Amino acid sequence: PYEFEYRGQKCKILIDRLEINHTKKTVTVFDIKCVWDSLGFGYTVFKDRYYIQAALYWTGCVELVKELLPSYTLNPDFFFIIADTTLNYKSCVYKYPQGLIQLGLSGFVDNRGRKWSGVNEIMDDILFCRENNDYKDSLELARVDGVVTIEL
């Protein structure tokens, strides 16, 4: 495990694989997933919220590389190594680019208009609940005084 601080909060990550190229002085982060449909992992990464894990892992690795390998560069992309548990498909690698890592931190709205919370919003919610000693409501609900507008 590697512990680091993000936005004033302690975080811990357990990285499956770091590939260190000493010739090029680069570090690449990999996470291994076993899924029943390796071809559908592009959907699974959002459904199972692996985008949050990718964003937090990559952010932690920024700190790790600064601390242990300051002359090295971290690959801006994160990679998922996918093994298919049904044995119907070959293993494959999904590249998760930097732009998506940043969306995993900030949150985003998808093409269908669905809002996906990012690491920052989740941390804000946790801090709000901790400060108010109330874990039943969210920061967003407090911002709108408990009145949520339904939109199509």
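All values derive from a computational prediction rather than experimental measurement.

(A) Local environment of the overall build of the protein. Within the protein, the secondary structure is distributed over five helices and eight strands. Seen through its C-alpha atoms, the protein measures out along the principal axes to roughly 55 × 40 × 25 Å. Of all 152 residues assigned to the protein, the portion counted as buried reaches 34%. Pairs at least 24 residues apart make up 56% of the contacts formed inside the protein by residues separated by at least 6 positions. Summed over all atoms, the accessible surface of the protein reaches about 10000 Å², with 54% contributed by carbon and sulfur. The protein carries 18 positive and 21 negative side-chain charges, and their two centres are separated by 6 Å.

(B) Representation of the pattern of salt bridges. Taken as a whole and judged by the stated rule, the model has eight salt bridges. Glu-63 is the partner of Lys-66 in a salt bridge, and the nearest nitrogen-oxygen pair spans 3.7 Å. Of this pair, Lys-66 and Glu-63 are both found in helix H2 (residues 50-68), three residues apart, which corresponds to roughly one turn of the helix. With a relative accessible area of 53%, Lys-66 lands in the exposed category. Since its relative accessible area comes to 30%, Glu-63 is described here as partly exposed.

(C) Quick look at the packing of aromatic side chains. Here the structure, examined in full by the defined rule, presents 14 aromatic pairs. Taking 6.2 Å as the distance between ring centres and 15° as the angle between the ring planes, the aromatic pair formed by Phe-108 and Trp-116 counts as stacked. Owing to a relative accessible area of 15%, Phe-108 belongs among the buried residues under this scheme. Members of the aromatic cluster, connected to one another through ring pairs, are Phe-41, Tyr-50, Phe-78, Phe-80, Tyr-94 and Tyr-96. Above the face of the Tyr-50 ring, Lys-33 is positioned so that its terminal group lies 4.2 Å from the ring centre. The positively charged end of Arg-114 is found above the aromatic ring belonging to Trp-116, 4.0 Å away from the centroid.

(D) Structural context of the packing of H2 against helix H3 (residues 98-106). Packing of H2 against H3 leaves a shortest axis separation of 8 Å and a crossing angle of 100°. Between H2 and H3, the angle is such that the two are roughly perpendicular. From H2, Tyr-51, Ala-55, Trp-58 and Thr-59 reach across to H3, where they touch Gln-98, Ile-101, Gln-102, Gly-104 and Leu-105.

(E) Structural context of the layout of surface pockets. There is about 270 Å³ of room inside the largest pocket. Lining the largest pocket are Tyr-43, Phe-46, Lys-47, Phe-108, Asp-110, Asn-111, Arg-112, Arg-114 and Trp-116. Tallying contributions element by element places helix H1 (residues 41-47) first for the lining of the largest pocket, with three residues. Its residues assigned to classes, the lining of the largest pocket comprises four nonpolar, one polar and four charged.

(F) Layout of the environment of Phe-46. Inspection of the secondary structure assignment puts Phe-46 in helix H1. Expressed as a C-alpha distance, the spacing of Phe-46 and Lys-90, which sit 44 residues apart in the sequence, is 22 Å. Excluding residues that lie within four positions of it along the chain, Phe-46 makes contacts with Tyr-51, Tyr-96, Phe-108 and Trp-116.

(G) The side chain of Asp-84, seen in detail. Its place among the elements puts Asp-84 in strand E5 (residues 73-84). An unpaired buried charge is present at Asp-84: no salt bridge exists, and Lys-90, the closest side chain of opposite charge, is 13 Å distant. Here the side chain of Asp-84 touches Thr-86 through a polar contact of 2.3 Å, side chain to side chain.

Rules of the game
- Residues numbered from 1 in each chain as written.
- Predicted model: local features only at pLDDT ≥ 70, side-chain atom pairs only at ≥ 80, totals over all residues.
- Heavy atoms only, no water.
- Helix = DSSP H or I, 4+ residues; strand = E, 2+ residues; numbered from the N terminus.
- Buried < 20%, exposed > 50% of the residue type's maximum accessible area, 1.4 Å probe, protein only.
- Contact = heavy atoms within 4.5 Å.
- Areas by Shrake-Rupley, 256 points an atom, 1.4 Å probe, with all protein chains shown as cover.
- Lys, Arg positive; Asp, Glu negative; His and termini not counted.
- Charge placed at Lys NZ, Arg CZ, Asp CG, Glu CD.
- Salt bridge = Lys/Arg side-chain N within 4 Å of Asp/Glu carboxyl O.
- Phe/Tyr/Trp six-rings, centres within 6.5 Å; stacked < 30°, edge-to-face > 60°.
- Lys NZ or Arg CZ within 6 Å of the ring centre and 35° of its normal.
- Axes fitted to C-alpha atoms, helices over the stretch in contact; angles between N-to-C directions.
- Parallel < 35°, antiparallel > 145°, perpendicular 65-115°, else oblique.
- 1 Å grid on protein atoms, 1.4 Å probe; cavity = no way out; pocket = protein on both sides within 12 Å on 5 of 7 lines; lining within 4 Å.
- Points joined across faces, edges and corners; volume = space filled by probe spheres on them.
- Nonpolar A, V, L, I, M, F, W, Y, C, P; charged D, E, K, R; others polar.
- Polar contact = N/O pair within 3.5 Å; in protein donor to acceptor, adjacent residues only side chain to side chain.

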